[in-house]
Amino acid sequence: MQKIYFFIGTKAQAIKCIPLINLFLTKPNLSVVIVDSGQHTTITESIFQNFKHEITHINLFSNKENISKYSKGIVWVGKFFLKNIIFKTLKNNTIENQSICVVHGDTVSTILGLFWGKRNKCKVIHLESGLTSNSLFNPFPEEIIRRITSRLSDILICFDPDSYLRLKNKLKRKLILQVNENTIIETLGDLDNQKINKKDIITATLHRTENILSKKRLISFVKLLEKLSKSYKINWYLHEPTINSINKFNIKLSNNITTSNLISHEDFINQLKDSKIVVTNGGSIQEEC
Amino acid sequence: MNKNMYKSKFNIENSLLFLLEQKNKKINIKNEKITPSEEIYNYLLNNKFILND
(Lines give C-alpha, C1' and ligand atoms only; values in the text may rest on other atoms or scores of the structure.)
Protein backbone atom coordinates (compact mmCIF):
# COMPACT_ATOMS: atom_id res chain seq x y z
CA MET A 1 0.00 0.00 0.00
CA GLN A 2 1.14 3.49 -0.77
CA LYS A 3 1.77 5.53 2.37
CA ILE A 4 0.61 9.11 2.76
CA TYR A 5 2.27 10.88 5.70
CA PHE A 6 0.54 13.98 7.05
CA PHE A 7 3.16 15.97 8.92
CA ILE A 8 1.33 17.95 11.58
CA GLY A 9 2.47 20.22 14.39
CA THR A 10 -0.21 22.84 15.02
CA LYS A 11 -3.97 23.04 15.46
CA ALA A 12 -4.53 24.85 12.14
CA GLN A 13 -2.48 22.26 10.26
CA ALA A 14 -4.50 19.42 11.78
CA ILE A 15 -7.85 21.05 11.04
CA LYS A 16 -7.00 21.99 7.46
CA CYS A 17 -5.61 18.52 6.68
CA ILE A 18 -8.57 16.60 8.15
CA PRO A 19 -10.76 16.81 4.97
CA LEU A 20 -7.89 15.40 2.91
CA ILE A 21 -7.12 12.73 5.54
CA ASN A 22 -10.81 11.68 5.57
CA LEU A 23 -10.83 11.39 1.79
CA PHE A 24 -7.58 9.38 1.62
CA LEU A 25 -8.90 7.02 4.31
CA THR A 26 -11.71 5.98 1.97
CA LYS A 27 -9.21 4.79 -0.67
CA PRO A 28 -8.27 1.12 -0.16
CA ASN A 29 -4.86 1.44 -1.80
CA LEU A 30 -3.69 4.26 0.47
CA SER A 31 -2.42 4.04 4.03
CA VAL A 32 -2.64 7.28 6.01
CA VAL A 33 -0.11 8.02 8.76
CA ILE A 34 -0.16 11.08 11.03
CA VAL A 35 3.33 12.28 11.87
CA ASP A 36 3.32 14.58 14.90
CA SER A 37 6.21 16.99 15.20
CA GLY A 38 5.47 17.62 18.88
CA GLN A 39 5.07 21.41 18.48
CA HIS A 40 1.56 21.67 19.94
CA THR A 41 1.36 18.08 21.05
CA THR A 42 -1.57 18.34 23.53
CA ILE A 43 -3.74 20.25 21.03
CA THR A 44 -3.12 17.97 18.04
CA GLU A 45 -3.51 14.86 20.22
CA SER A 46 -6.91 16.05 21.45
CA ILE A 47 -8.05 16.71 17.85
CA PHE A 48 -7.16 13.19 16.69
CA GLN A 49 -8.44 11.53 19.89
CA ASN A 50 -11.98 12.42 18.87
CA PHE A 51 -11.38 11.35 15.28
CA LYS A 52 -13.91 8.89 13.92
CA HIS A 53 -11.33 6.73 12.09
CA GLU A 54 -8.40 4.81 13.50
CA ILE A 55 -5.16 6.11 12.06
CA THR A 56 -1.53 5.18 12.58
CA HIS A 57 0.37 7.83 14.54
CA ILE A 58 4.07 8.50 14.71
CA ASN A 59 5.21 10.89 17.44
CA LEU A 60 8.61 12.14 16.42
CA PHE A 61 9.21 14.17 19.55
CA SER A 62 7.88 12.99 22.88
CA ASN A 63 7.01 15.92 25.11
CA LYS A 64 4.14 16.42 27.53
CA GLU A 65 3.67 20.13 26.94
CA ASN A 66 3.22 22.37 23.91
CA ILE A 67 6.23 24.35 22.73
CA SER A 68 5.16 27.80 23.93
CA LYS A 69 8.49 29.41 24.86
CA TYR A 70 11.14 30.44 22.35
CA SER A 71 13.98 28.90 24.36
CA LYS A 72 12.12 25.57 24.36
CA GLY A 73 11.46 25.98 20.64
CA ILE A 74 15.16 26.27 19.81
CA VAL A 75 15.98 23.15 21.86
CA TRP A 76 13.08 21.29 20.20
CA VAL A 77 14.25 22.14 16.64
CA GLY A 78 17.85 21.14 17.45
CA LYS A 79 16.89 17.81 19.02
CA PHE A 80 14.36 17.09 16.26
CA PHE A 81 17.01 17.61 13.57
CA LEU A 82 19.54 15.39 15.31
CA LYS A 83 17.10 12.60 16.12
CA ASN A 84 14.78 12.48 13.10
CA ILE A 85 16.65 14.00 10.19
CA ILE A 86 20.36 13.43 10.70
CA PHE A 87 20.45 10.04 12.47
CA LYS A 88 17.17 8.27 11.78
CA THR A 89 15.03 7.46 8.76
CA LEU A 90 11.94 5.34 8.20
CA LYS A 91 12.51 1.70 7.35
CA ASN A 92 11.25 0.09 4.13
CA ASN A 93 10.49 3.38 2.43
CA THR A 94 11.75 2.55 -1.03
CA ILE A 95 11.48 4.65 -4.15
CA GLU A 96 9.50 1.88 -5.91
CA ASN A 97 6.64 2.29 -3.47
CA GLN A 98 6.72 6.08 -3.55
CA SER A 99 5.40 7.61 -0.35
CA ILE A 100 3.98 11.09 -0.07
CA CYS A 101 4.53 13.57 2.76
CA VAL A 102 1.97 16.37 3.06
CA VAL A 103 3.10 19.56 4.79
CA HIS A 104 0.96 22.60 5.35
CA GLY A 105 1.44 26.37 5.67
CA ASP A 106 4.37 28.25 7.13
CA THR A 107 5.09 27.08 10.67
CA VAL A 108 8.32 25.61 12.03
CA SER A 109 6.63 22.18 11.72
CA THR A 110 6.15 22.87 7.99
CA ILE A 111 9.86 23.12 7.32
CA LEU A 112 10.67 20.21 9.66
CA GLY A 113 8.11 18.16 7.69
CA LEU A 114 9.78 19.16 4.42
CA PHE A 115 13.22 17.99 5.60
CA TRP A 116 11.76 14.85 7.22
CA GLY A 117 9.88 13.98 4.01
CA LYS A 118 12.92 14.53 1.80
CA ARG A 119 15.15 12.51 4.16
CA ASN A 120 12.71 9.61 3.90
CA LYS A 121 12.54 9.77 0.09
CA CYS A 122 8.93 10.97 0.01
CA LYS A 123 7.42 13.24 -2.60
CA VAL A 124 6.55 16.38 -0.63
CA ILE A 125 3.26 18.21 -1.19
CA HIS A 126 3.03 21.75 0.15
CA LEU A 127 -0.51 22.83 0.93
CA GLU A 128 -1.38 26.55 1.04
CA SER A 129 1.68 27.43 -1.00
CA GLY A 130 2.40 30.80 -2.58
CA LEU A 131 0.99 33.23 -0.02
CA THR A 132 3.35 36.10 0.71
CA SER A 133 3.65 39.41 2.54
CA ASN A 134 6.32 40.50 0.02
CA SER A 135 8.62 41.18 2.96
CA LEU A 136 11.18 38.49 3.79
CA PHE A 137 11.33 39.14 7.53
CA ASN A 138 7.70 39.97 8.19
CA PRO A 139 6.13 37.86 9.57
CA PHE A 140 9.23 36.12 10.92
CA PRO A 141 10.00 33.24 10.48
CA GLU A 142 6.79 32.32 8.61
CA GLU A 143 7.58 34.16 5.36
CA ILE A 144 11.04 32.56 5.05
CA ILE A 145 9.66 29.11 5.89
CA ARG A 146 6.92 29.37 3.26
CA ARG A 147 9.37 30.47 0.55
CA ILE A 148 11.89 27.69 1.30
CA THR A 149 9.15 25.05 1.50
CA SER A 150 7.63 26.14 -1.83
CA ARG A 151 11.02 26.03 -3.49
CA LEU A 152 11.97 22.56 -2.24
CA SER A 153 8.61 20.74 -2.33
CA ASP A 154 7.64 18.56 -5.31
CA ILE A 155 4.00 19.59 -5.69
CA LEU A 156 2.56 22.95 -4.69
CA ILE A 157 -1.12 23.40 -3.90
CA CYS A 158 -2.43 26.95 -3.65
CA PHE A 159 -5.90 28.24 -2.90
CA ASP A 160 -6.07 31.56 -4.75
CA PRO A 161 -5.20 32.81 -8.26
CA ASP A 162 -2.60 35.35 -7.04
CA SER A 163 -0.57 32.64 -5.31
CA TYR A 164 -0.83 30.45 -8.41
CA LEU A 165 0.45 33.16 -10.77
CA ARG A 166 3.23 34.11 -8.36
CA LEU A 167 4.41 30.51 -8.12
CA LYS A 168 4.06 29.93 -11.87
CA ASN A 169 6.26 32.95 -12.59
CA LYS A 170 8.92 32.13 -10.00
CA LEU A 171 9.00 28.33 -10.06
CA LYS A 172 8.34 27.50 -13.69
CA ARG A 173 9.24 23.80 -13.52
CA LYS A 174 7.19 22.92 -10.45
CA LEU A 175 3.88 21.07 -10.49
CA ILE A 176 1.37 23.61 -9.21
CA LEU A 177 -2.33 23.17 -8.65
CA GLN A 178 -4.75 25.98 -7.93
CA VAL A 179 -7.77 24.83 -5.98
CA ASN A 180 -10.74 27.20 -5.90
CA GLU A 181 -11.26 27.05 -2.14
CA ASN A 182 -9.24 26.27 0.95
CA THR A 183 -9.82 22.83 2.51
CA ILE A 184 -10.96 24.68 5.64
CA ILE A 185 -14.33 25.24 3.94
CA GLU A 186 -15.02 21.51 4.29
CA THR A 187 -14.69 21.70 8.07
CA LEU A 188 -17.42 24.34 8.42
CA GLY A 189 -20.38 22.16 7.41
CA ASP A 190 -23.26 23.20 5.15
CA LEU A 191 -23.00 26.99 5.30
CA ASP A 192 -26.15 27.62 3.23
CA ASN A 193 -28.46 25.96 5.75
CA GLN A 194 -27.00 27.34 8.96
CA LYS A 195 -28.82 29.91 11.08
CA ILE A 196 -26.52 32.67 12.26
CA ASN A 197 -27.63 34.96 15.10
CA LYS A 198 -25.19 37.77 15.59
CA LYS A 199 -24.87 39.11 19.15
CA ASP A 200 -22.95 42.09 20.54
CA ILE A 201 -19.86 39.95 20.99
CA ILE A 202 -16.30 40.49 19.84
CA THR A 203 -14.01 37.47 19.55
CA ALA A 204 -10.32 38.26 19.83
CA THR A 205 -7.08 36.29 19.39
CA LEU A 206 -3.45 37.39 19.10
CA HIS A 207 -0.51 35.02 18.72
CA ARG A 208 1.99 36.23 16.11
CA THR A 209 5.54 36.73 17.33
CA GLU A 210 5.86 40.33 16.14
CA ASN A 211 2.74 41.31 18.10
CA ILE A 212 3.27 39.49 21.37
CA LEU A 213 7.02 40.05 21.75
CA SER A 214 6.56 43.81 21.46
CA LYS A 215 5.28 45.34 24.72
CA LYS A 216 4.13 48.43 22.81
CA ARG A 217 2.05 46.43 20.32
CA LEU A 218 0.58 44.19 22.99
CA ILE A 219 -0.46 47.16 25.13
CA SER A 220 -2.04 48.92 22.12
CA PHE A 221 -4.01 45.73 21.37
CA VAL A 222 -5.26 45.60 24.97
CA LYS A 223 -6.21 49.32 24.78
CA LEU A 224 -8.17 48.65 21.59
CA LEU A 225 -10.10 45.84 23.29
CA GLU A 226 -10.79 48.09 26.29
CA LYS A 227 -12.25 50.76 23.99
CA LEU A 228 -14.41 48.21 22.20
CA SER A 229 -15.55 46.71 25.51
CA LYS A 230 -17.68 49.83 26.10
CA SER A 231 -20.07 48.65 23.38
CA TYR A 232 -19.41 44.93 23.08
CA LYS A 233 -18.74 41.88 25.21
CA ILE A 234 -15.12 40.88 24.58
CA ASN A 235 -14.03 37.22 24.54
CA TRP A 236 -10.26 36.96 24.17
CA TYR A 237 -8.96 33.43 23.52
CA LEU A 238 -5.37 33.28 24.69
CA HIS A 239 -2.58 31.20 23.18
CA GLU A 240 0.11 30.01 25.63
CA PRO A 241 2.84 32.35 24.27
CA THR A 242 0.40 35.29 24.58
CA ILE A 243 -0.26 34.44 28.25
CA ASN A 244 3.50 34.26 28.80
CA SER A 245 3.99 37.72 27.25
CA ILE A 246 1.14 39.29 29.25
CA ASN A 247 2.71 37.93 32.45
CA LYS A 248 6.22 38.94 31.40
CA PHE A 249 5.24 42.54 30.65
CA ASN A 250 2.96 42.60 33.70
CA ILE A 251 0.01 43.88 31.69
CA LYS A 252 -3.21 44.28 33.71
CA LEU A 253 -6.38 43.41 31.84
CA SER A 254 -9.63 45.21 32.60
CA ASN A 255 -12.55 43.22 33.99
CA ASN A 256 -14.54 44.03 30.85
CA ILE A 257 -12.33 41.67 28.84
CA THR A 258 -13.17 38.01 29.37
CA THR A 259 -10.15 35.81 28.78
CA SER A 260 -10.04 32.06 28.37
CA ASN A 261 -7.76 29.34 27.06
CA LEU A 262 -8.15 28.04 23.53
CA ILE A 263 -11.31 26.01 22.95
CA SER A 264 -12.13 23.21 20.51
CA HIS A 265 -12.42 24.09 16.82
CA GLU A 266 -16.15 23.31 16.77
CA ASP A 267 -16.85 25.59 19.76
CA PHE A 268 -14.68 28.32 18.29
CA ILE A 269 -16.55 28.23 14.97
CA ASN A 270 -19.84 28.62 16.90
CA GLN A 271 -18.29 31.55 18.75
CA LEU A 272 -17.34 33.17 15.41
CA LYS A 273 -20.89 32.71 14.13
CA ASP A 274 -22.24 34.59 17.17
CA SER A 275 -19.73 37.44 16.95
CA LYS A 276 -20.37 40.76 15.24
CA ILE A 277 -16.66 41.56 15.06
CA VAL A 278 -13.53 39.39 15.12
CA VAL A 279 -10.16 40.94 16.02
CA THR A 280 -7.31 38.61 15.13
CA ASN A 281 -3.91 38.27 13.49
CA GLY A 282 -4.54 34.64 12.58
CA GLY A 283 -4.74 33.84 8.88
CA SER A 284 -6.90 30.72 9.33
CA ILE A 285 -9.42 32.62 11.46
CA GLN A 286 -9.74 35.26 8.76
CA GLU A 287 -10.54 32.48 6.27
CA GLU A 288 -13.10 30.97 8.64
CA CYS A 289 -14.79 34.38 9.02
CA MET B 1 -9.81 33.71 -53.00
CA ASN B 2 -7.92 35.29 -50.13
CA LYS B 3 -11.13 36.66 -48.73
CA ASN B 4 -12.68 33.15 -48.73
CA MET B 5 -9.65 31.67 -47.08
CA TYR B 6 -9.78 34.36 -44.42
CA LYS B 7 -13.47 33.63 -43.85
CA SER B 8 -12.96 29.90 -43.47
CA LYS B 9 -10.03 30.47 -41.10
CA PHE B 10 -12.15 32.86 -39.12
CA ASN B 11 -14.93 30.25 -38.90
CA ILE B 12 -12.56 27.54 -37.72
CA GLU B 13 -11.14 29.85 -35.08
CA ASN B 14 -14.62 30.76 -33.89
CA SER B 15 -15.67 27.14 -33.74
CA LEU B 16 -12.58 26.21 -31.77
CA LEU B 17 -13.14 29.10 -29.39
CA PHE B 18 -16.74 28.04 -28.94
CA LEU B 19 -15.72 24.44 -28.21
CA LEU B 20 -13.10 25.65 -25.75
CA GLU B 21 -15.69 27.79 -23.95
CA GLN B 22 -18.06 24.86 -23.73
CA LYS B 23 -15.31 22.66 -22.36
CA ASN B 24 -14.39 25.29 -19.75
CA LYS B 25 -18.04 25.63 -18.76
CA LYS B 26 -18.29 21.88 -18.29
CA ILE B 27 -15.12 21.91 -16.21
CA ASN B 28 -16.50 24.76 -14.09
CA ILE B 29 -19.76 22.92 -13.50
CA LYS B 30 -17.76 19.84 -12.53
CA ASN B 31 -15.53 21.86 -10.20
CA GLU B 32 -18.50 23.38 -8.42
CA LYS B 33 -19.58 19.93 -7.32
CA ILE B 34 -16.28 18.61 -6.05
CA THR B 35 -14.64 19.58 -2.79
CA PRO B 36 -11.13 21.03 -2.54
CA SER B 37 -9.87 17.69 -1.16
CA GLU B 38 -11.34 15.80 -4.10
CA GLU B 39 -9.74 18.30 -6.47
CA ILE B 40 -6.34 17.68 -4.85
CA TYR B 41 -6.84 13.90 -4.90
CA ASN B 42 -7.82 13.93 -8.59
CA TYR B 43 -4.77 16.02 -9.44
CA LEU B 44 -2.44 13.59 -7.64
CA LEU B 45 -4.14 10.66 -9.34
CA ASN B 46 -3.96 12.21 -12.82
CA ASN B 47 -0.28 13.04 -12.36
CA LYS B 48 0.37 9.49 -11.12
CA PHE B 49 1.62 10.53 -7.69
CA ILE B 50 -1.13 8.36 -6.25
CA LEU B 51 -1.57 4.87 -7.62
CA ASN B 52 -4.97 3.91 -8.97
CA ASP B 53 -7.38 1.81 -6.83
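Residues numbered from 1 in each chain as written. Chains lettered and ligands numbered in written order. Predicted model: local features only at pLDDT ≥ 70, side-chain atom pairs only at ≥ 80, totals over all residues.

A. Seen up close, unusual backbone geometry. All names here are of chain A. Of note, the bond from Asn-138 into Pro-139 is cis; its omega dihedral lies within 30 degrees of zero at -5 degrees. Summarising the element assignment, Pro-139 is placed in the loop between strand 5 (123-127) and helix 5 (142-152). At Asn-134, a residue that is not glycine, the phi angle is positive and equals roughly 65 degrees. Locating Asn-134 in the fold gives a position in the loop between strand 5 and helix 5. (Helix = DSSP H or I, 4+ residues; strand = E, 2+ residues; numbered from the N terminus.)

B. Region of the structure containing the domain arrangement of chain A. All names here are of chain A. Taken domain by domain, chain A comprises domain 1 (2-187) and domain 2 (191-288). If you average the C-alpha positions of domain 1 and of domain 2, the two centres end up 27 Å apart. Of the residues that constitute the side of domain 1 that touches domain 2, the class distribution is five nonpolar, four polar and one charged. (Domains from an automatic or database assignment. Nonpolar A, V, L, I, M, F, W, Y, C, P; charged D, E, K, R; others polar.)

C. Seen up close, the sheet that holds strand 5 of chain A. Residues and elements named next belong to chain A. Within the open sheet, the seven strands sit side by side as 3-2-1-4-5-6-7. Their pairing is parallel. Lying at the two open borders of the sheet, with one neighbouring strand each, are strand 3 (56-59) and strand 7 (175-178). Pairwise comparison of adjacent strand axes, ignoring direction, gives a mean angle of 20 degrees for this sheet. Where strand 1 (residues 2-8) lies against strand 4 (residues 100-104), three bridges are found, and the strand directions are parallel. Considered in strand 4, the bridge of Phe-6 is made with Val-102. Contacts between helix 4 (residues 108-119) and the sheet are confined to strand 1, strand 4 and strand 5, with strand 4 contributing the most and set at about 165 degrees to the helix. (Pairing = 2+ DSSP bridges. Axes fitted to C-alpha atoms, helices over the stretch in contact; angles between N-to-C directions. Contact = placed C-beta atoms within 7 Å.)

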